[in-house]
Amino acid sequence: MNMNTTDKLQIFNRLYTDYQKRFIRFALTYVRDLATAEDITADAFVHFWENSDSLTPDTSAPAYILGVVRNKCLAYLQHEQVREVVEEKLREHAEWELRTRVALLEACNPDELFAAEIQAIIDRTLALLPEQTRRIFTMSRYQNLSYREIAEQSDMTEKGVEFHIAKALRALRISLKDYAPVFLYLFL
């Protein structure tokens, strides 16, 4: 279609005027979005304009442009299909992740987690205390013996028992500084 620019422009304008709305309706039938249909049609006309010099004289311009619209609609729909598949997989993964987090959270018992952690800290701290301090503290807190009963069994004064328990509590207070409310609840 080799011709001068003025003739070429007149043919293009007539094609655009005669077919633009039809091609938009055609594209809209498939892509179901007016803005996308308009963009596809505009791109098809631009493609025709850019390639019109390389077309043979017997090429039907409306058929050529409609073919470009068709191909662009097809590409758009294939892209949408891929996007839908990816979104579905992402949705499925997000649902699986959410179900997993819910199941883990339901299975999580904070009391057990903290109790085990706190007990480990207490055991380590008590293990570092002198034997007599550890034994006196254990008698007081785990065997529920009074200071008098501990003093009698240990052959010491109640003040001596009080000293060892205060020493153990100081060590535990330092070890359990991150668990202050728990420390207060368990030992005071």
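Above: the structure in question.
What you see as residue numbers is a count from 1 along each chain, following the sequence as written. This being a predicted model, a pLDDT of at least 70 is required before a residue's local features are given, and a value of 80 or more before pairs of side-chain atoms are given or counted; all residues contribute to the totals for chains, interfaces and linings. Remark: hydrogens and water are excluded; side-chain values derive from all non-hydrogen atoms of the structure.

**Student:** It is not clear to me how a nonpolar patch on the surface should be interpreted in this structure. Could you clarify?
**Tutor:** Together, V82, V86 and L90 make up an exposed nonpolar region whose accessible area comes to about 280 Å². Tracing the sequence through the fold places V86 in helix α3 (residues 61-107). We call a residue buried when its accessible area falls under 20% of the maximum for its residue type, exposed when it is over 50%, and partly exposed in between, using a 1.4 Å probe and counting protein chains only. Given the relative accessible area of 43%, V86 is considered partly exposed. Here a patch means residues that are over 30% exposed by relative accessible area and free of salt bridges, tied together within 9 Å if like-charged and within 5 Å if nonpolar (Val, Leu, Ile, Met, Phe, Trp, Tyr). In these tables, accessible area is a Shrake-Rupley quantity obtained with a 1.4 Å probe, and a residue counts as shielded only by the protein chains included in the view. One speaks of a salt bridge when a side-chain nitrogen belonging to Lys or Arg is within 4 Å of a carboxyl oxygen belonging to Asp or Glu. Under the DSSP-based scheme used, a helix requires at least four consecutive residues in state H or I and a strand at least two consecutive residues in state E, with every element numbered from the N terminus.

**Student:** What is the right way to read the nonpolar core from this model?
**Tutor:** A general tendency of soluble globular proteins is for nonpolar side chains to be buried together. Residues grouped as a nonpolar core are buried Ala, Val, Leu, Ile, Met, Phe, Trp, Tyr and Cys residues, joined through side-chain atoms within 4.5 Å. One finds I122, L126, F137, I150, V161 and L176 to be the most contacted residues of the largest nonpolar core, which totals 19 residues. Counting only elements with at least two residues in this core, the list comes to α4 (110-128), α5 (131-141), α6 (147-154) and α7 (158-175). With six residues, α7 is the largest single contributor of residues to this core. With 17 residues, the next largest nonpolar core counts A27, A61, V68 and C73 among its residues.

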